[in-house]
Amino acid sequence: MITFTGEALDRMAERRGDPAWVAEQARSPSARAVLAGDAGVHVTADDRLALVPLGHAGGEPLLLGVDDAGPVFAVDVDAPVDGRVPPLIAARGEGEPHAALGTRPIGLRLAAASLPHADGGLAAHAAALINWHRRHRFCAACGAPTAVGGGGILRSCARCGTQHHPRTDPVVIMLVTDGAERVLLGRQRSWPPGRYSALAGFVEPGESLEAAVAREVREEAGVEVGPPRYMASQPWPFPSSLMIAFVAPWESGEPRRIDDELDDLRWFSRADVAAALRGEPSPLATPPPFAIAARLLAGWLA
Ligand SMILES: [Zn+2]
């Protein structure tokens, strides 16, 4: 199962346009809230995602959806202060426990590595939505303040009437393979020593996924690939991406570093990848198991 998927909510798109229905959900005694703030998403003492009664949460409720037990909201426990650029929800580290609620915030990477699968999906949904609300408090069309609409699924501008919808930024991530024997991986300067991963990049306006794969591989490694094969996708709330994973067959060109985006790139053998994934000595340190790149590598080996 892929980390950050697995949420089991009905998002209730067909009812969100009805403000009376949305208000009724927020008043429901069974309404619960996922909490997130500057330091991360809140977890319980036994390392589950915290779901607290909505009335205890404070802050503006953003409806995520409804499950068998009732409505589930996301609440930003550190709502942005006017005049300050709101930070994104932390990826790393841990925050101070919330005394009244008995929860504590953890960075999203720690959440990805430690939460049960369904909790991870809910955490990704809440974090991506809160990050979007934090960074879209003003209308991109006219500059006036915007307000939450549709129970949290949009923001609307009272001055010009524009409705703004949460964005998801598509990222292609591709394992370039030389048949069954070698994979082309790159590393960024900020990564731990030995860490290499699949090449990746944002899809640009007016571009198909296939074209984005070919362009990114050409730009980062100077090689040409054949038609990519879709493998899987993963919500990636850093802050609001969707990783779309492919395997792409190498066609021509010798890999070389083109610009400063990558610190290094090289072919790794099947044996290098197998040893790294088993935790044995290898020139390669693979990405963490919660990243879809690790799944791409494991899938290729299999
Ligand atoms: Zn406006």
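Residues numbered from 1 in each chain as written. Predicted model: local features only at pLDDT ≥ 70, side-chain atom pairs only at ≥ 80, totals over all residues. Heavy atoms only, no water.

P239 follows F238 through a cis peptide bond whose omega is 5°. With a phi angle near 75°, F4 is a residue other than glycine that sits in the positive phi range. By secondary structure assignment, the location of F4 is in the segment before α1 (19-27). One non-glycine residue, D47, lies in positive phi territory at about 60°. In this structure, D47 sits in the loop between β2 (40-43) and β3 (51-53). (Helix = DSSP H or I, 4+ residues; strand = E, 2+ residues; numbered from the N terminus.)

Another point: the pairing of strand β14 (residues 229-236). Bridge count between β14 and strand β15 (residues 241-252): seven bridges; the pairing is antiparallel. Bridge pairing links Q234 to M243 in β15. A loop of four residues connects β14 with β15, the two strands running antiparallel in sequence. (Pairing = 2+ DSSP bridges.)

With antiparallel pairing, the three strands of this open sheet are ordered in space as β7-β8-β9. The outermost strands of the open sheet, each flanked by one partner alone, are β7 (146-149) and β9 (163-164). Relative to strand β8 (residues 154-157), helix α4 (residues 117-134) is tilted by about 15°, and along the sheet it contacts β7, β8 and β9. (Contact = heavy atoms within 4.5 Å. Axes fitted to C-alpha atoms, helices over the stretch in contact; angles between N-to-C directions.)

So, about the coordination of the zinc ion. The coordination sphere of the zinc ion contains the protein donors C139 (SG), C142 (SG), C157 (SG) and C160 (SG), at a distance range of 2.3 to 2.4 Å. Considering all four donor atoms around the zinc ion, angles at the metal cover 99 to 115° and the coordination shape is tetrahedral. Every donor residue of the zinc ion comes from the same chain, spaced as C-x2-C-x14-C-x2-C. Residue class for C157 comes out buried when judged on its relative accessible area of 5%. Accessibility expressed as a relative area gives 38% for C160, which makes it partly exposed. (Donors = N, O, S within 2.8 Å, 3.2 Å for Na, K, Ca; no water. Tetrahedral: all angles 85-135°; square planar, octahedral: opposite > 155°, others 65-115°. Buried < 20%, exposed > 50% of the residue type's maximum accessible area, 1.4 Å probe, protein only.)

Burial within strand β5 (residues 70-76) is extensive, with seven of its seven residues counted as buried. As paired elements, strand β4 (residues 61-67) and β5 share six bridges and run antiparallel to each other. The partner of V66 across the bridge, within β5, is P71. The loop that links β4 with its antiparallel partner β5 comprises two residues.

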